[in-house]
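Breakdown of the fold
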Amino acid sequence: MAFGYSPSYCSFWRTLLGLYCLFTLVHTVISTPPEDPVKCVSGNTNCIVTNSLGAFPDRSTCRAANVAYPTTEAELVSIVAAATKAGRKMRVTTRYSHSIPKLTCTDGNDGLFISTKFLNHTVQADAKAMTLTVESGVTLRQLIAEAAKVGLALPYAPAVHDYVTEIRMVSPGSVNDGFAKIRVLSETTTPNEFNAAKVSLGVLGVISQVTFELQPMFKRSLKYVMRNDLDFNDEALTFGKKHEFADFVWLPSQGKVVYRMDDRVAVNTLGNGLYDFFPFRSQLSAVLATTRSSEETQETLRDAHGKCVTATTISSTLFSTSYGLTNNGITFTGYPVIGSQNRMMSSGSCLDGLEDKLTSACAWDSRVKGVFYHQTTFSIPLTQVKSFINDIKSLLKIDSKSLCGLELYYGILMRYVTSSPAYLGKETEAIDFDITYYRANDPLTPRLYEDFIEEIEQIALLKYNALPHWGKNRNLAFDGVIKKYKNAPAFLKVKESYDPNGLFSSEWTDQILGIKGNPTIVKDGCALEGLCICSDDAHCAPSKGYLCRPGKVYKEARVCTHVPK
């Protein structure tokens, strides 16, 4: 998604973007769904796993001797028992493998992947008790739809685990257990283990079933409003108290914020709205390839102006088309859009499309030339959000074009989160900052304004001690992360009890849990991919003019800065 560097070039890309948006508006049914993230040489043996982008942060390949696809809890028990008896390493994989870091990787080549792909059924729906029990492979989209069938709703998505009331987990067992043990965990019977299992990173065993406590179905009334960001520093602290489902999209280089005014209304309120977010709809592979090529060209030519023009056009187009909201499932006629919780909460129709031989696909599908990006997501305590926003604004004063690249990927998404009893959950009231940005195909190729984004990342993690999202970050975000969790010792104690031989652990989980090793990788060019924080010019791209320098606002930062000769 990029404009160019001459009037005719800009005009061409505006035309292309218009065609792209027109296609996105109408092309919502047919789309080749993402492939299984596990691929094997022969049957279910000699396998590799990847994430939804087709590349882990360090671009390594994760292997296992084979993959198992249990369809019932009984089959899962048999699989875990056999692997435990043989002393084999195991890791769980999912249908779409959306976690960017190496959470699905096991060690060496002889391990076992256990996929929850076919553990995707509803076990029990109890409308009277307002609970829903599902197998662990059920997607969030499925969960929301299944709840709606019995008149129930999941209130809020960013912390789904806080609506969990019971977890069934299969973990390694002793000889007397038959080498596998089913554990039934809840807040009332096993609170310590339950709070460890809510966010377990897969190191306690395989979750087989989850029970959610839901609410009666309700409707939401939503409208988007775009304003300048002059008072955003203060508004961010109070806006969430005014609207139950509030969030923001900050467009810092444009000096604008899109406010989501989103509230619960009675279920009998008129309206049949639907939210199908445009960037998550199916998109023509040819258009994806062209827009990716244009951004690559702008990166090569260091065309900051072109990126800013593109960003403004994309932002205004998304806003003017209501981001994919419709009042009746077909057309948008105006705000507010009112619809049932299940129709307003879940987006991403490209996952549900029909096979079309990759004529169209989800934008991030690695089988086509589409978007390829880094993602940096972290929680800043609410008490420090104002200062953090001010720091970003100070960077913008140095170069107003520096963050246009973020706005090509929707902008900075900000969502309110609350503290969680989960041992590895959120520690306090906070705002999640979700930042997505260009990633080069060549790991040794620096990005335009590399240093500005690196500095924001380090301001958050080091100055404000932000908690990184376990599934949406680069390696450096996890350096020493376990020390930020006051309940980490309690979690590790449960881990030792459940899996004393570490069969469900891996080199990566040992690193991020502070057990052994470090998630950072120090080598030439390591800072370009977020594998390290630079301490030497060689960690950047000195041959291309990128050298390791102090931050511009946060002087303690060390970032790869382009230094013209």
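Naming follows an unreviewed UniProt entry, where the chain appears as L-gulonolactone oxidase of Arabidopsis thaliana. Quoted straight from UniProt, the Pathway (unreviewed entry) entry for the chain says "Cofactor biosynthesis; L-ascorbate biosynthesis."

A word on the pattern of salt bridges. For the structure shown, the criterion picks out 29 salt bridges. Between Asp262 and Arg220 there is a salt bridge, and its shortest N-O distance comes to 2.5 Å. Of the two residues, Asp262 sits in strand β15 (residues 256–265) while Arg220 sits in strand β13 (residues 219–228), which places them 42 residues apart along the sequence. The class of Arg220 is buried, set by a relative accessible area of 5%. Close ionic contact of Asp434 with Lys472 constitutes a salt bridge, the shortest N to O distance being 3.1 Å. Placement of Asp434 in strand β23 (residues 430–438) and of Lys472 in the loop between β24 (467–468) and α12 (488–498) is noted, with a sequence separation of 38 residues between them. Taken together, the salt bridges that share partners define one network made up of Arg220, Asp247, Arg260 and Asp262.

A word on helix α2 (residues 73–86). Between its first and last C-alpha atoms α2 spans 20 Å; for 14 residues at 1.5 Å apiece the expected length is 20 Å, and the two agree. Turning to α2, its buried residues number three or more, namely Glu73, Leu76, Ile79, Val80, Ala81, Ala83 and Thr84. In the segment just after α2, Gly87 is the residue with positive phi, at about 70 degrees.

Reading guide: rules and limits
Residues numbered from 1 in each chain as written. Predicted model: local features only at pLDDT ≥ 70, side-chain atom pairs only at ≥ 80, totals over all residues. Heavy atoms only, no water. UniProt positions renumbered as here; feature names shortened; annotations may be inferred. Salt bridge = Lys/Arg side-chain N within 4 Å of Asp/Glu carboxyl O. Helix = DSSP H or I, 4+ residues; strand = E, 2+ residues; numbered from the N terminus. Buried < 20%, exposed > 50% of the residue type's maximum accessible area, 1.4 Å probe, protein only. Expected span 1.5 Å × (residues − 1).

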